[in-house]
Amino acid sequence: MLKPVTDPSETVSDVVLRQIREDIISGRLAPGAKIKLEQARKRYSISVSSLREILSRLTTENLVLAEGQRGFEVSPASRKELEELADLRLVLETHAIALSFAAGNLEWEGRIVAAHHKLAAAEKTLLSGDASRTIEWVRYDWEFHQAIVSACNSTTLMTVLSSVFDRFLRYHLLARSFRGQPVVDDHKLLFQLALKRDVEGAQAVVRQHIQSGVDHVLNSGRLS
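It should be emphasised that the depicted structure is a prediction, and the values quoted were computed from it without experimental measurement.

(A) How the structure looks around the packing of aromatic side chains. Applying the stated criterion across every chain, the model contains two aromatic pairs. Above the plane of the ring of Tyr-171 lies Arg-170, whose end atom (NZ or CZ) is 5.8 Å from the centre.

In structure tokens:
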């Protein structure tokens, strides 16, 4: 997921991988854009050989496409992929909710409270018409959903969900607009249901939340 701070343990390749990944998800590298190695080498201050390795790694997440001898391009955006990602996120997140609600403790509840507090503050700013915190909201949105499923006790599930969430998020950033009060209401209700350990209620909200997100992107007219 998008990270604001560089981990001291990261290698140069790790940092560049994260930067390129963020540039793709945020739309700074547009869907279908050719990634010119010489330009990218200068932009990210890394060797061409390391850059090729990084881009090859990103192909495993379907964020980048390899074109053989012609190089690399950012994966295109399509309605079909958006709907597939929505379905996959739904399966993963609802499953993780059931596991997390069963195992969550007081520390887990504290993570949810803290994450929702930050998210709600960012959403209040966005609702006022100030779009300057959009990227911050993106980060807090993931941190909130992550906190809710963080007690699922499955590193693999969390890793896969994070990747799918990012790819799904790319479509929201392509839509270039905040969904407004309905998404705020969804998060507030999900917050309340999580603290009540209401699995079925939370799963229902997530289903509606994801579908509303798909509808918002499609209605933006940004996809062909």
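Having put the structure on the table, let's press on.
(B) The packing of helix α4 (residues 79-103) against helix α7 (residues 155-175), seen in detail. Contact pair α4 / α7: the axes reach a minimum separation of 9 Å and the direction vectors enclose 140°. For the crossing formed where α4 meets α7, the hand is left-handed. Here α4 contributes Glu-81, Leu-82, Leu-85, Ala-86, Leu-88, Arg-89, Leu-92, Glu-93, His-95, Ala-96 and Leu-99 to the contact with α7, which in turn contributes Leu-157, Val-160, Leu-161, Val-164, Phe-165, Arg-167, Phe-168, Arg-170 and Tyr-171. Class assignment for the residues of the contact of α4 with α7 results in 14 nonpolar, one polar and five charged.

(C) Expanded view of the domain arrangement of the chain. Taken domain by domain, the chain consists of domain 1 (12-74) and domain 2 (79-219). Computed from C-alpha atoms alone, the centre-to-centre distance between domain 1 and domain 2 is 27 Å. Every contact between the two is made by nine residues of domain 1 and, on the other side, eight residues of domain 2. When the buried area of domain 1 at its contact with domain 2 is split by residue, Ile-25, Pro-31 and Glu-61 rank highest and sum to 50% of it. Counting across the interface, domain 1 meets domain 2 through one salt bridge. Between Asp-166 and Arg-21 there is a salt bridge; the shortest N-O distance is 2.4 Å. The interface formed by domain 1 and domain 2 holds three residue pairs in polar contact (both at pLDDT 80 or more) in total. It is helix α1 (residues 12-26) that contributes the most residues to the side of domain 1 that touches domain 2, four residues altogether. Broken down by class, the residue content of the side of domain 1 that touches domain 2 amounts to five nonpolar, two polar and two charged.

(D) Here's a closer look at the pattern of salt bridges. A full pass over the atoms with the stated rule returns 15 salt bridges. Between Arg-79 and Glu-83 there is a salt bridge, with its nearest N and O atoms 3.0 Å apart. On the criterion of helical spacing, the pair formed by Arg-79 and Glu-83 is a turn pair, its members being four residues apart in helix α4. On the basis of relative accessible area, Arg-79 is assigned to the partly exposed category, the value being 46%. Accessibility expressed as a relative area gives 32% for Glu-83, which makes it partly exposed. Three or more residues joined by partner-sharing salt bridges are found here, namely Arg-21, Glu-61 and Asp-166.

(E) Looking closely at the sheet that holds strand β2 (residues 64-66). Judged by pairing direction, the sheet is antiparallel, and its three strands sit side by side in the order β1-β3-β2 without closing on themselves. Two strands lie at the open edges of the sheet, namely β1 (34-35) and β2, each paired on one side alone. Across the sheet, helix α3 (residues 48-59) is in contact with β1, β2 and β3 (72-74); its angle to β2 comes to roughly 110°.

(F) Quick peek at the confidence of the model for the chain. Summary statistics for the chain give a mean pLDDT of 91 and a share of 95% for residues scoring 70 or more. Confidence drops under a pLDDT of 50 for residues 1-5, and excluding neighbours within four residues, the segment shows 17 contacts in the predicted structure.

(G) Spotlight on unusual backbone geometry. In the Ramachandran plot, Ser-45 falls in the positive-phi region, its phi being about 55° despite a non-glycine side chain. For Ser-45, the location among the structural elements is in the loop between α2 (37-44) and α3. Assessed through its relative accessible area of 62%, Ser-45 is described here as exposed. The phi torsion at Asn-153 lies on the positive side, around 60°, for a residue other than glycine. With respect to the helices and strands, Asn-153 occurs in the loop between α6 (134-149) and α7. Residue classification places Asn-153 among the exposed residues on the basis of a relative accessible area of 69%.

Definitions and limits used
Residues numbered from 1 in each chain as written. Predicted model: local features only at pLDDT ≥ 70, side-chain atom pairs only at ≥ 80, totals over all residues. Heavy atoms only, no water. Phe/Tyr/Trp six-rings, centres within 6.5 Å; stacked < 30°, edge-to-face > 60°. Lys NZ or Arg CZ within 6 Å of the ring centre and 35° of its normal. Axes fitted to C-alpha atoms, helices over the stretch in contact; angles between N-to-C directions. Helix = DSSP H or I, 4+ residues; strand = E, 2+ residues; numbered from the N terminus. Left-handed = near helix turned anticlockwise from the far one by under 90°. Contact = heavy atoms within 4.5 Å. Nonpolar A, V, L, I, M, F, W, Y, C, P; charged D, E, K, R; others polar. Domains from an automatic or database assignment. Buried area = accessible area lost by both parts, 1.4 Å probe. Salt bridge = Lys/Arg side-chain N within 4 Å of Asp/Glu carboxyl O. Polar contact = N/O pair within 3.5 Å; in protein donor to acceptor, adjacent residues only side chain to side chain. Buried < 20%, exposed > 50% of the residue type's maximum accessible area, 1.4 Å probe, protein only. Pairing = 2+ DSSP bridges. pLDDT = per-residue confidence, 0-100.

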